[in-house]
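# Coordinate analysis (summary)
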Amino acid sequence: MQTEKSEQVRSVAADTRGKHRISAELKRLEQETRFLEEELEQLDKMEAASAACKEILSSVETRPDPLLLTTNGPTNPSWDRWFEGPQDKSGCRCWIM
């Protein structure tokens, strides 16, 4: 008799936990559905991304970058020798093994 009552209590407790889990999962899915619907509405209201990108690109290309210096040539011509190859190829004694 005691075991029958304890089994009934366990089954009722397990049943309410199962209902609660299902209810929580259903609420989560409904919330996610609402979020996705709102996101779709916002996407429908937006203009085409390619048009916006073209507009931004045209405005960025026309302005010089304020962080980059504008030079019309090397500021110090002696620095160019570091970026050029040797003038006399026979004088180069570099060997790569």
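A short tour of the structure in this document, coming up. (Residues numbered from 1 in each chain as written. Predicted model: local features only at pLDDT ≥ 70, side-chain atom pairs only at ≥ 80, totals over all residues. Heavy atoms only, no water.)

Our next topic: the overall build of the protein chain. The number of helices and strands found in the protein chain is two helices and zero strands. A burial count over the protein chain gives 0% of its 97 residues as buried. Within the structure as shown, the protein chain displays about 10,200 Å² of accessible surface, and the carbon and sulfur contribution to it stands at 59%. (Helix = DSSP H or I, 4+ residues; strand = E, 2+ residues; numbered from the N terminus. Buried < 20%, exposed > 50% of the residue type's maximum accessible area, 1.4 Å probe, protein only. Areas by Shrake-Rupley, 256 points an atom, 1.4 Å probe, with all protein chains shown as cover.)

What follows is about helix α2 (residues 49–62). Helix length check: α2 (14 residues) gives 20 Å between terminal C-alpha atoms against 20 Å at 1.5 Å per residue, within 8%. Burial analysis of α2 places just zero of its 14 residues in the buried class, a small minority of the element. (Expected span 1.5 Å × (residues − 1).)

Counted by the stated rule, this structure contains two salt bridges. Salt-bridge contacts for Glu 25 lead to Arg 28; the nearest nitrogen and oxygen are separated by 2.7 Å. Placement of the pair is Glu 25 and Arg 28 together in helix α1 (residues 2–45), with a separation of three residues, close to one helical turn. Residue classification places Arg 28 among the partly exposed positions, given a relative accessible area of 41%. The shortest N-O distance in the salt bridge between Glu 32 and Arg 28 comes to 3.1 Å. Of this pair, Glu 32 and Arg 28 both sit in helix α1, four residues apart, roughly one helical turn. Using a relative accessible area of 38% as the deciding quantity, one classes Glu 32 as partly exposed. Several salt bridges share partner residues, and in doing so they unite Glu 25, Arg 28 and Glu 32 into one network. (Salt bridge = Lys/Arg side-chain N within 4 Å of Asp/Glu carboxyl O.)

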